[in-house]
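This is what each chain is made of:
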Amino acid sequence: MKKRNLLQICAALAWLLPVLGVHAQEFPPKKPVTLVVGFAAGGAADTAARIIAKKLAENVGQSVVADNRAGAGGNIAHQYVANAASDGSVLLFGSVGPLTIAPHMMKLPYDPVRDLAPLTMGVNFPNVLVVHPGVNVKTLAEFIALAKRKPGSLDFASTGAGSASHLAGELFNIQAGIDTVHIPYKGGAPAMQDLLGGRVAAYYSTPSTAGPFIESGKLIPLATTGLTRPAFMPNVPTIAESGFPGFNATNWYAFVAPGKTPTPLLDRWNLELVKVLNTPDVRDQLLKHGLTPQPGTRDELARYMASETATWGRVIRERKITAD
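The rules behind the values
- Residues numbered from 1 in each chain as written.
- Predicted model: local features only at pLDDT ≥ 70, side-chain atom pairs only at ≥ 80, totals over all residues.
- Heavy atoms only, no water.
- Helix = DSSP H or I, 4+ residues; strand = E, 2+ residues; numbered from the N terminus.
- Buried < 20%, exposed > 50% of the residue type's maximum accessible area, 1.4 Å probe, protein only.
- Pairing = 2+ DSSP bridges.
- Contact = heavy atoms within 4.5 Å.
- Axes fitted to C-alpha atoms, helices over the stretch in contact; angles between N-to-C directions.
- pLDDT = per-residue confidence, 0-100.
- Right-handed = clockwise from strand over helix to strand, strands pointing away.
- Salt bridge = Lys/Arg side-chain N within 4 Å of Asp/Glu carboxyl O.
- Core = buried A, V, L, I, M, F, W, Y, C linked by side-chain atoms within 4.5 Å.
- Phe/Tyr/Trp six-rings, centres within 6.5 Å; stacked < 30°, edge-to-face > 60°.
- Parallel < 35°, antiparallel > 145°, perpendicular 65-115°, else oblique.
- Left-handed = near helix turned anticlockwise from the far one by under 90°.
- Nonpolar A, V, L, I, M, F, W, Y, C, P; charged D, E, K, R; others polar.

A word on unusual backbone geometry
Next up, step 1: Even without glycine at this site, Ala 72 takes up a positive phi of about 55°.
Next up, step 2: Counting through the fold element by element, Ala 72 comes out in the loop between β2 (64-68) and α3 (75-82).
Next up, step 3: If you check the backbone angles, Lys 320 has positive phi at about 55° while not being a glycine.
Next up, step 4: Along the polypeptide, Lys 320 turns up in the segment after α12 (298-319).
Next up, step 5: Classification of Lys 320 by relative accessible area gives exposed; the value is 70%.

So, the sheet that holds strand β11 (residues 292-293)
Within a beta sheet, neighbouring strands are joined by backbone hydrogen bonds and run either parallel or antiparallel to one another.
Next up, step 1: Strands sit in the order β2-β1-β3-β10-β4-β11 across an open sheet of six strands; the sheet is mixed. At either margin of the open sheet sits one strand with a lone partner, and together these are β2 and β11.
Next up, step 2: Alignment of strand β3 (residues 90-95) against strand β10 (residues 250-258), held across four bridges, turns out to be antiparallel. Following the sheet pairing, Gly 94 is matched in β10 by Ala 254.
Next up, step 3: Contacts from helix α10 (residues 263-277) reach β1 (33-37), β3, β4 (116-126), β10 and β11 within the one sheet, and its direction differs from that of β4 by about 20°.

What about the confidence of the model for the protein?
Next up, step 1: Chain-level pLDDT for the protein is 91 on average; 92% of the residues reach the 70-or-more range.
Next up, step 2: Confidence over residues 16-24 falls short of pLDDT 50; this stretch has two contacts with residues more than four positions distant or in other chains.

What about the pairing of β2?
Each regular strand carries side chains that alternate between the two faces of the sheet.
Next up, step 1: Taken together, the five bridges between β1 and β2 define a ladder with parallel strand orientation. Looking at β2, one finds that Val 36 is bridged to Asp 67.
Next up, step 2: Read as a crossover between parallel neighbours, the route from β1 over helix α2 (residues 44-60) to β2 is right-handed.

Some thoughts on the pattern of salt bridges
Next up, step 1: This model, assessed by the stated rule, comprises 12 salt bridges.
Next up, step 2: The partner of Asp 67 in a salt bridge is Arg 69, and the shortest N-O contact between them spans 2.9 Å.
Next up, step 3: With its nearest N and O atoms 2.7 Å apart, the salt bridge here joins Arg 319 to Glu 170. Highlighted residues: Arg 319 in helix α12 and Glu 170 in helix α7 (residues 164-176), separated in sequence by 149 residues.
Next up, step 4: The exposure class assigned to Arg 319 is partly exposed, which follows from its relative accessible area of 27%.

Topic: the sheet that holds strand β8 (residues 202-205)
Next up, step 1: The mixed open sheet is built from five strands, whose spatial order is β7-β6-β8-β5-β9. The open sheet has two free edges, formed respectively by β7 (181-184) and β9 (220-224), since each of these has just one partner strand. Across the sheet, the mean angle from the axis of one strand to that of its neighbour is 30°, orientation sign disregarded.
Next up, step 2: Direction of pairing for strand β6 (residues 155-158) relative to β7: parallel, over a ladder of four bridges. From the neighbouring strand, Phe 156 faces β7, where its bridge partner is His 182.
Next up, step 3: Across the sheet, helix α8 (residues 188-196) is in contact with β5 (128-131), β6 and β8; its angle to β8 comes to roughly 145°.

Some details on the nonpolar core
Next up, step 1: Counting 53 residues, the largest nonpolar core has Leu 116, Leu 140, Phe 143, Phe 172, Phe 244, Phe 247 and Trp 312 as its most contacted members.
Next up, step 2: A per-element tally of this core places α7 first, with six residues.
Next up, step 3: Not counting chain neighbours up to four residues away, the residues in contact with Phe 247 comprise Ala 168, Leu 171, Phe 172, Gln 175, Thr 225, Gly 226, Leu 227, Ile 239 and Ala 240.
Next up, step 4: With 31 residues, the next largest nonpolar core counts Ala 45, Ala 53, Phe 125 and Trp 269 among its residues.

Some words on the environment of Asp 67
Next up, step 1: Mapped onto the elements of the fold, Asp 67 is located in strand β2.
Next up, step 2: Measuring from C-alpha to C-alpha, the distance between Asp 67 and Phe 232 comes to 29 Å, with 165 residues separating the pair along the chain.
Next up, step 3: Setting aside its immediate chain neighbours within four residues, Asp 67 contacts Thr 34, Leu 35, Val 36 and Val 37.

A short note on the packing of aromatic side chains
Next up, step 1: Using the criterion set out here, one finds nine aromatic pairs in the structure.
Next up, step 2: Their ring planes at 80° and their centres at 6.3 Å tell us that Phe 39 and Tyr 253 sit as a pair that is edge-to-face. Of the two residues, Phe 39 is situated in the loop between β1 and α2 and Tyr 253 in strand β10; the sequence distance between them amounts to 214 residues.
Next up, step 3: Owing to a relative accessible area of 29%, Phe 39 belongs among the partly exposed residues under this scheme.
Next up, step 4: Considering the side-chain rings of Phe 93 and Tyr 253, the 5.5 Å spacing of their centres and the 25° angle between planes classify their relative orientation as stacked. A residue pair is termed long-range when its members are at least 10 positions apart, and Phe 93 in strand β3 and Tyr 253 in strand β10 qualify at 160 residues.

Some words on the packing of α2 against α10
Next up, step 1: Remark: α2 packs on α10, axes separated minimally by 10 Å, with the N-to-C direction vectors making an angle of 120°. Of the possible angle classes, the one that applies to α2 and α10 is oblique. The two elements α2 and α10 cross, and the hand of that crossing is right-handed. Residues Ile 52, Lys 55, Leu 56, Asn 59 and Val 60 of α2 lie in contact with α10, whose contacting residues are Trp 269, Glu 272, Leu 273, Lys 275, Val 276 and Leu 277.
Next up, step 2: Among the residues making up the contact of α2 with α10, the classes are represented as seven nonpolar, one polar and three charged.

Have a look at this one:
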């Protein structure tokens, strides 16, 4: 065989080896699949992850174990997955905070864009702006009018600096031209406790938390923060339809994988996750918990994350928000 032909064959084989290696990887991986959740058991993220993991395991014929790694607003879990094996055996139920807000507020040991690869959006849900009856407002317009009459006199609770409930309030401050004061709490429970006690005026609460108190008349709902009214609160208007078109500040959880995971594995996980999210019984279970399934393509999730990163970066800079 001529030397030139031998070199050409070797070059071709060298090019093919990585491709063959990728396609040779089995799906699903032989070892159990870990679905990492950045929050404690019992919350919205954990509930959704376990519903989805159960059906996913049935479909792919492999164990899918939910692994709660709570702490630092979800950043611990995101860092763990950013450094995890890229063989398709580790997935993350990522959230809006670590993926699009935290990078603007602190130096992270991982890069959400470089170190985590998008798979598909999972679920989203809006917050609901609720006030204590003692504030004496019953509509969003009345809330704005009061805030403008007495700048800096109205405060709102959140689950912590940089949380979705915090950023929703700051975005509304900007768009409504008001100055309500942010009061951070260490979680939803203490925030709700102080709101019910009248020690804080308002709270951009999760609907599942606020719902029972709205029904009992202990809290007044003014508006929800998504683009459309959620099915479980059809009589509460959105901020967007109340004079602020395009206002959108939702909680969302999306599936991502370690950034170096081969594209064929990422595409296959997208296919399997979308299939699960479109399954009627899974959708019904999620909707009962106030969680709206949002399956989509990998590119759609990447674009949405970029949009959210830009929006919250602008809000953080304009309102001079820090992690303290």
